[in-house]
Amino acid sequence: DAKTTQPTSMDCAEGRAANLPCNHSTISGNEYVYWYRQIHSQGPQYIIHGLKNNETNEMASLIITEDRKSSTLILPHATLRDTAVYYCIVRPYNDYKLSFGAGTTVTVRA
Amino acid sequence: DGGITQSPKYLFRKEGQNVTLSCEQNLNHDAMYWYRQDPGQGLRLIYYSQIVNDFQKGDIAEGYSVSREKKESFPLTVTSAQKNPTAFYLCASTLAGLPDTQYFGPGTRLTVL
């Protein structure tokens, strides 16, 4: 059962902000939104997570809508090294099962 | 250095043979995971283990088996019952199932001829 919906792919210009959308209309009250990315042929890397407040760290910002049915991951100044597949996942914080979907392939172009 | 090791990096087997993929971690993580990735596709969860001597099926467990006899080790056996075993296999671990602590190994690319 698909809990999140992401676009299959998107392009972004180097130096510009990349805004990656994710729909999670059936999210439960105890489920967090997590973002990972996978650079080609490597294991995924954790980026950020949030429950309902917007979050920011050194890699990205996460904006969650007030109804929590969608979110946006923002890479503020995309570089060529940000080219990767980005996964949006919703799950309870301490649920051991970690499933990934198909993700969004982001290509940053010079 | 702490981390996850998977061996070998590339593995070739004949159709109908069972094959075991190794995964070892020295992070003292409680939970371990196996994922499968096909070309151009996302990761799919095969099995996961929260604690020694216990494991649960993921989304695509058919044709696979695992064991968790030690905290640091979680080997995956791809059996002859797995219809399309050729894929990239990734092992991961987390501290008590917390996804912001998840680390991945470098992966094993299995090709069945």
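Residues numbered from 1 in each chain as written. Chains lettered and ligands numbered in written order. Predicted model: local features only at pLDDT ≥ 70, side-chain atom pairs only at ≥ 80, totals over all residues. Heavy atoms only, no water.

**Details of the interface of chain B and chain A**
One frequent convention defines the size of an interface as the accessible area lost when the parts assemble.
Moving on, step 1. Listed as interface residues are 24 residues of chain B and, on the opposing side, 20 residues of chain A.
Moving on, step 2. In total, chain B and chain A occlude about 1800 Å² of area from one another, counting both sides; carbon and sulfur atoms represent 57% of this.
Moving on, step 3. Three residues, Leu43, Pro99 and Asp100 of chain B, lead the burial of chain B against chain A; their summed loss comes to 30% of the area buried on that side.
Moving on, step 4. Inspection of the chain B/chain A interface yields one salt bridge.
Moving on, step 5. Between Lys97 of chain A and Asp59 of chain B there is a salt bridge; the shortest N-O distance is 3.0 Å.
Moving on, step 6. Between chain B and chain A we count six residue pairs in polar contact (both at pLDDT 80 or more) in total.
Moving on, step 7. When residues of the side of chain B that touches chain A are traced back to their parent elements, those giving at least two are strand E4 (31-37), strand E5 (43-51) and strand E9 (87-94) of chain B. (Contact = heavy atoms within 4.5 Å. Buried area = accessible area lost by both parts, 1.4 Å probe. Salt bridge = Lys/Arg side-chain N within 4 Å of Asp/Glu carboxyl O. Polar contact = N/O pair within 3.5 Å; in protein donor to acceptor, adjacent residues only side chain to side chain. Helix = DSSP H or I, 4+ residues; strand = E, 2+ residues; numbered from the N terminus.)

**Structural notes on the side chain of His29 of chain B**
Residues and elements named next belong to chain B.
Moving on, step 1. The residue His29 is located in the loop between strand E3 (19-25) and E4 in this model.
Moving on, step 2. Among the polar contacts made by the side chain of His29, one reaches the main-chain amide nitrogen of Thr94 at a distance of 3.5 Å.
Moving on, step 3. Excluding residues within four positions of it along the chain, His29 makes contact with Arg68, Lys71, Ser93, Thr94, Leu95, Thr101 and Tyr103.

**Concerning the sheet that holds strand E8 (residues 76-78) of chain B**
Residue and element names in this part refer to chain B.
Moving on, step 1. With respect to topology, four strands assemble into an open sheet ordered E1-E3-E8-E7, the strand pairing being antiparallel. Two strands bound the open sheet, and with one partner strand each, they are strand E1 (4-7) and strand E7 (64-66). The sheet shows a mean angle of 20 degrees between the axes of neighbouring strands, direction not considered.
Moving on, step 2. Pairing of E3 with E8, which is carried by three bridges, proceeds in the antiparallel orientation. Within E8, the residue paired with Leu21 across the bridge is Leu76. (Pairing = 2+ DSSP bridges. Axes fitted to C-alpha atoms, helices over the stretch in contact; angles between N-to-C directions.)

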